[in-house]
Amino acid sequence: MDKGRAAMDKPRITIFDTTLRDGEQSPGCSMHVDEKLRLARQLEQLGVDIMEAGFPIASDGDFCAVQQVAREVRGTRVAALARCNRPDITRAWQALEGAAQPRIHTFLATSDIHLQYKLKISREQALDQAVEAVAYAHSLCDDVEFSPEDATRSDLDYLCRVLEAVIEAGATTVNIPDTVGYTLPAEFAQLITKIRECVRGIERATISVHCHNDLGLAVANSLAAIDAGARQVECTINGIGERAGNAALEELAMIVRLRPDRMAYEIGIRNEQLWPTSQMLSQMISFGPQPNKAIVGCNAFAHAAGIHQHGMLSNPLCYEIMTPESVGAPGTRIVLGKHSGRHALGKRCEELGFSLSRAELNEVYQRFTELADRKKNIFDQDLLALMPQRNRTQSPEAGSTVGSPAFGD
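What comes next concerns the included structure. (Residues numbered from 1 in each chain as written. Predicted model: local features only at pLDDT ≥ 70, side-chain atom pairs only at ≥ 80, totals over all residues. Heavy atoms only, no water.)

### Brief notes about the overall build of the protein
Point 1. Counting its secondary structure elements, the protein contains 15 helices and 10 strands.
Point 2. Judged by the C-alpha coordinates and their principal axes, the protein covers about 85 × 45 × 45 Å.
Point 3. Counting across all 409 residues of the protein, residues that qualify as buried make up 53%.
Point 4. Within the protein, residue pairs in contact and separated by at least 24 positions form 73% of the contacts whose partners lie at least 6 positions apart.
Point 5. Entry remark: accessible area of the protein is about 18300 Å², with carbon and sulfur atoms responsible for 50%.
Point 6. Taking the 43 positively charged and 53 negatively charged side chains of the protein as two groups, their mean positions are separated by 4 Å. (Helix = DSSP H or I, 4+ residues; strand = E, 2+ residues; numbered from the N terminus. Buried < 20%, exposed > 50% of the residue type's maximum accessible area, 1.4 Å probe, protein only. Contact = heavy atoms within 4.5 Å. Areas by Shrake-Rupley, 256 points an atom, 1.4 Å probe, with all protein chains shown as cover. Lys, Arg positive; Asp, Glu negative; His and termini not counted. Charge placed at Lys NZ, Arg CZ, Asp CG, Glu CD.)

Below you can see the structure in the form of structure tokens.
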């Protein structure tokens, strides 16, 4: 079979980005209308299939943001969130009316703890409310998603009843949220399998998953669900979202791209736009990803240990399973510090315009390690001061940034 045919035969995973809705619910992540619109255009450039633009009933500002995104984004499906009641759904539809490809996403909790303490309704009341809401949404829009909030802590038989009923009422996507990030991957895969086996009419709907990261398992649970038959994944840029956040879009995308041997699926993400999208989001909100964040953290392509630096200078494949360029990142950084070795130090000295003999390099390295034990960051001017006397009259190569940490750190 040729490669083109093989690619066509791979199941396609729909990427549903909720950075503009669930992501924005993170403390410090609120965005005004212009910022939402700018990020929405970038998400379209990134290649997400669906973007959830907001929760229109929440505020006039959120309504306007969803309305603007719906009017201006034409190549990506635009969704709006609504609780299972007519005012919410009406407001969502009013915001979405100008969309080329609108989706109403409605939700209602199904776990007993939420029904008893938050909603204060019975299981039967919740079932009736979900069906009525989905039917109303379907009368307005052909594309309706339903989420049973806290699905992973819901009674399985009851959850299946609700899913059957909302599909019959017109839901085209049923989303299974691990709302509090409680489930383990094997459990979540088993739940998706049970839903596929037990819910009548499930073949008429796409199974989606929405995983939170309270135990650090959002991406792992999403991958387990895909292998069990889910075909839509809800995620966010940089993994932002309520509490510990959501499944990180950039991690999911690169896992699928880098491990086709185990994850034989197609996605539409343009991976070279991952870093620029992450950077844009970080500029808009009050924080960026942690330095050691996979794919988009500032240390994701930085190397500080001497053994790693030697390997990188010999062949980057020794320690980088993807290139920085493949995700749109600026490049690899060799960071000089107390753990660095002679190879990295010698390389930086060459780049600064110094030609050192082996004996001179050993001498400089000795002084360098003594300094690195006292300083967290080694700058290029520090290296200049360490040079042998005969080399100190040499000028660094044009273009080197003497005032910045060595090797770009």
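### Side note on the packing of aromatic side chains
Point 1. One pass over the structure, following the stated rule, counts 2 aromatic pairs.
Point 2. Taking the centre distance of 6.4 Å and the plane angle of 65° together, the rings of F55 and F107 count as edge-to-face. With F55 in the loop between β2 (50-54) and α3 (60-72) and F107 in strand β4 (residues 102-109), this pair connects stretches of sequence that are 52 residues apart. In this pair, the class of F55 matches that of F107, namely buried.
Point 3. Over the aromatic face of Y136 sits the side chain of R86, whose NZ or CZ is 4.0 Å from the ring centroid.
Point 4. In this structure, R91 packs its charged tip against the face of F63, placed 3.7 Å from the ring centre. (Phe/Tyr/Trp six-rings, centres within 6.5 Å; stacked < 30°, edge-to-face > 60°. Lys NZ or Arg CZ within 6 Å of the ring centre and 35° of its normal.)

### Side note on the environment of A99
Point 1. Residue position: A99 is located in the loop between α4 (86-96) and β4.
Point 2. Judged by relative accessible area, which is 12%, A99 ranks as buried.
Point 3. C-alpha separation for the pair A99 and R77, spaced 22 residues apart in sequence, amounts to 7.9 Å.
Point 4. With near-sequence residues (within four places) excluded, A99 lies in contact with A70 and R74.

### Some words on the packing of helix α9 (residues 218-228) against helix α10 (residues 249-258)
Point 1. Orientation of α9 relative to α10, taken along the N-to-C sense of each, is 45°, at an axis distance of 10 Å. The angle between α9 and α10 falls in the class oblique. Relative to α10, the crossing made by α9 is right-handed. On α10, the residues touching V219, S222 and L223 of α9 are E251, L252 and I255.
Point 2. The class makeup of the residues in the contact of α9 with α10 is 4 nonpolar, 1 polar and 1 charged. (Axes fitted to C-alpha atoms, helices over the stretch in contact; angles between N-to-C directions. Parallel < 35°, antiparallel > 145°, perpendicular 65-115°, else oblique. Left-handed = near helix turned anticlockwise from the far one by under 90°. Nonpolar A, V, L, I, M, F, W, Y, C, P; charged D, E, K, R; others polar.)

### Quick look at helix α14 (residues 358-372)
Point 1. Here α14 is 15 residues long and its end C-alpha atoms lie 20 Å apart, about the 21 Å a rise of 1.5 Å per residue gives.
Point 2. Along α14, the residues classified as buried are E360, L361, V364, Y365, F368, T369, L371 and A372. Along the axis of α14, the buried residues cluster in a sector spanning 165°; they form a single face.
Point 3. The inward-facing, buried residues of α14 contact α13 (342-351) and α15 (380-386). (Expected span 1.5 Å × (residues − 1). Arc of directions from axis to C-beta.)

### Observations regarding the pairing of strand β5 (residues 144-149)
Point 1. Of all the 6 residues making up β5, 6 are buried; the element is thus mostly covered by neighbouring parts of the structure.
Point 2. Going residue by residue along β5, you find V144, F146 and P148 tucked away on one face and E145, S147 and E149 tucked away on the opposite face as well.
Point 3. Note: β4 against β5, 6 bridges, orientation parallel. When the bridges of β5 are listed, L108 appears paired with P148.
Point 4. Across 2 bridges, the pairing between β5 and strand β6 (residues 173-178) is parallel. Following the sheet pairing, F146 is matched in β6 by V174.
Point 5. Read as a crossover between parallel neighbours, the route from β5 over helix α7 (residues 156-169) to β6 is right-handed. (Pairing = 2+ DSSP bridges. Right-handed = clockwise from strand over helix to strand, strands pointing away.)

### Section: the state of the cysteines
Point 1. One pass over the structure, following the stated rule, counts 0 disulfides.
Point 2. In this model C29 remains outside any disulfide bridge; the closest cysteine sulfur is found in C235, 16 Å from its own.
Point 3. C198 takes part in no disulfide bond, and the closest cysteine sulfur to it belongs to C160, at a distance of 5.1 Å.
Point 4. Using a relative accessible area of 40% as the deciding quantity, one classes C198 as partly exposed. (Disulfide = S-S within 2.5 Å.)

### Considering the side chain of S154
Point 1. Residue placement: S154 occurs in the loop between β5 and α7.
Point 2. Once residues within four sequence positions are removed from consideration, S154 is found in contact with T110, S111, E149 and L159.

### Details of unusual backbone geometry
Point 1. Phi angles above zero are rare outside glycine, and K120 is one such case at about 55°.
Point 2. As for its placement among the helices and strands, K120 is situated in the loop between α5 (112-119) and α6 (123-140).
Point 3. Note on K120: relative accessible area 63%, which makes it exposed.
Point 4. Within the chain, R243 stands out as a residue other than glycine whose phi angle is a positive 55°.

### Quick notes on the pairing of strand β7 (residues 206-211)
Point 1. Among the 6 residues in β7, 5 count as buried, and that is most of the element.
Point 2. Pairing of β6 with β7, which is carried by 6 bridges, proceeds in the parallel orientation. The residue of β7 that forms the bridge with I176 is V209.
Point 3. Of the pairings in the sheet, the one linking β7 to strand β8 (residues 232-235) comprises 3 bridges and is parallel in character. Among the inter-strand pairings, H210 is bridged to a residue of β8, identified as E234.
Point 4. Where the polypeptide runs from β7 across α9 and back to β8, its parallel neighbour, the crossover connection is right-handed.

Spatial relationships are all this shows, so hold off on functional conclusions.
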